[in-house]
Amino acid sequence: MAAIAATPGVSAGSGATPARPSPAQCKRARDLLNQRLAECIDLQMQCKQAHWNVRGANFIALHELFDDINGAVEDYVDLVAERVVQLGGVAEGTLGSVVAGTSLPPYPPCGSEDTRHLQALATALSTFGSGVRQGIDEMTRLDDAASADILTEVLRGIDKWLWFVEAHLPARAASASA
Ligand SMILES: [Fe+2]
C-alpha cells in the first residue's frame, strides 16, 4: 500500500512520484476522525455536567478537576476537527452530528453525589480512550502517521485524566468504571 504523506498533497519522499493518500484512504481517515470528534465533544459536555453539579466534602477539588479536564478535552476537539479539514473533509461538530455519531454512554442521572459523577466521568473517559486507541491502530494501518500521532497525543491526555479521576474513587468503584 502506498504511504500517506504527512499532509495531503505534500510529497512523502524525494522520489519523482509524490506519495499521496488515495481518496478511499482519506475518506476512511476522515470518517473515523469525525466519529472520534463526536465522542470528544460529548465527553466535553459530560465534563461540564460533572463540573456544574458535583457537591460534597471534596467540592472544590472536584469542581476544579472537572473543569481542567473540560479545558484539555476542548483542545483535543480542536486537534481532531482540524485534522479532518486537513484531510479535505468537513469537521462535523454540530449538536445533531454529535448525537448521531457518539458511542459514549449517556451521562447518567447523578444528582449531586460526588462518587457518582466520578464514576460517570471515568466511564466516559475510558470508553472514549478505547475508541481513540482503536483509531490509532486504524490510522497506522492506513499509514497516516500524522493522524495516528494526533490521536496518540489525545490518548496520552485521556489516560492521565482517567488516572486523576479514578484516584478519587475507592478501588472497587474505580475498577467498575473500566
Ligand atoms: Fe465553572
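Residues numbered from 1 in each chain as written. Predicted model: local features only at pLDDT ≥ 70, side-chain atom pairs only at ≥ 80, totals over all residues.

### Examining the overall build of the chain
Then, number 1: On a plain count of helices and strands, the chain comes out with 6 helices and 0 strands.
Then, number 2: What you see in the chain, going N to C, is helices and strands ordered as α-α-α-α-α-α.
Then, number 3: Here the chain, with 178 residues, has 36% of them falling under the buried criterion.
Then, number 4: For the chain, long-range pairs separated by at least 24 residues make up 70% of all intrachain contacts whose partners lie at least 6 apart in sequence. (Helix = DSSP H or I, 4+ residues; strand = E, 2+ residues; numbered from the N terminus. Buried ≥ 20, exposed ≤ 12 C-beta atoms within 10 Å, placed from the backbone. Contact = placed C-beta atoms within 7 Å.)

### Overview of the environment of His168
Then, number 1: For His168, the position within the fold is in the loop between helix H5 (145–166) and helix H6 (171–177).
Then, number 2: The exposure class assigned to His168 is partly exposed, which follows from the 18 C-beta atoms found within 10 Å.
Then, number 3: In the structure, His168 is positioned 49 residues away from Gln119 in sequence and 9.7 Å away in space, judged by C-alpha atoms.

### Remarks on unusual backbone geometry
Then, number 1: Of note, the phi angle at Asp143 is positive, near 60°, even though the residue is not glycine.
Then, number 2: Within the secondary structure, Asp143 is located in the loop between helix H4 (114–141) and H5.

### Observations concerning the nonpolar core
Then, number 1: Residues Leu37, Cys40, Val80, Leu121 and Leu125 are the most contacted members of the largest nonpolar core, which totals 42 residues.
Then, number 2: Breaking this core down by element, the ones donating at least two residues are helix H1 (23–53), helix H2 (59–86), H4 and H5.
Then, number 3: Once residues within four sequence positions are removed from consideration, Leu125 is found in contact with Ile158, Trp161, Leu162 and Val165. (Core = buried A, V, L, I, M, F, W, Y, C linked by C-beta atoms within 7 Å.)

### Focus on the confidence of the model for the chain
Then, number 1: The pLDDT averaged across the chain works out to 89; a share of 85% of its residues lies at or above 70.
Then, number 2: Ignoring residues within four places in sequence, the model shows residues 1–6, a span with pLDDT below 50, making 20 contacts including any to other chains.
Then, number 3: In the predicted structure, residues 8–15 sits below a pLDDT of 50 and forms 16 contacts with residues beyond four places in sequence or in another chain. (pLDDT = per-residue confidence, 0-100.)

### What to know about the packing of H1 against H2
Then, number 1: Direction vectors running N to C along H1 and H2 enclose 160°, while the axes themselves pass 8 Å from each other. Considering their axes alone, H1 and H2 lie roughly antiparallel with respect to each other. Note that H1 runs across H2; the crossing there is left-handed. (Axes fitted to C-alpha atoms, helices over the stretch in contact; angles between N-to-C directions. Parallel < 35°, antiparallel > 145°, perpendicular 65-115°, else oblique. Left-handed = near helix turned anticlockwise from the far one by under 90°.)

### What about the packing of H2 against H5?
Then, number 1: Contact geometry for H2 and H5: axes closest at 10 Å, N-to-C directions at 170°. Relative to H5, the element H2 is oriented roughly antiparallel. Seen from H2, the contacting residues are Leu65, Ile69, Ala72, Tyr76, Leu79, Val80 and Arg83; seen from H5, they are Ser147, Ile150, Glu153, Val154, Gly157, Trp161 and Phe164.
Then, number 2: Looking at the contact of H2 with H5, its residues break down into 10 nonpolar, 2 polar and 2 charged. (Nonpolar A, V, L, I, M, F, W, Y, C, P; charged D, E, K, R; others polar.)

### Considerations on H4
Residues spaced three or four apart along an α-helix face the same direction, because each turn holds 3.6 residues.
Then, number 1: Taking 1.5 Å as the rise per residue, H4 with 28 residues should run 40 Å; its terminal C-alpha atoms sit 41 Å apart, in good agreement.
Then, number 2: Positive backbone phi, at 60°, marks Asp143, one or two positions downstream of H4. (Expected span 1.5 Å × (residues − 1).)

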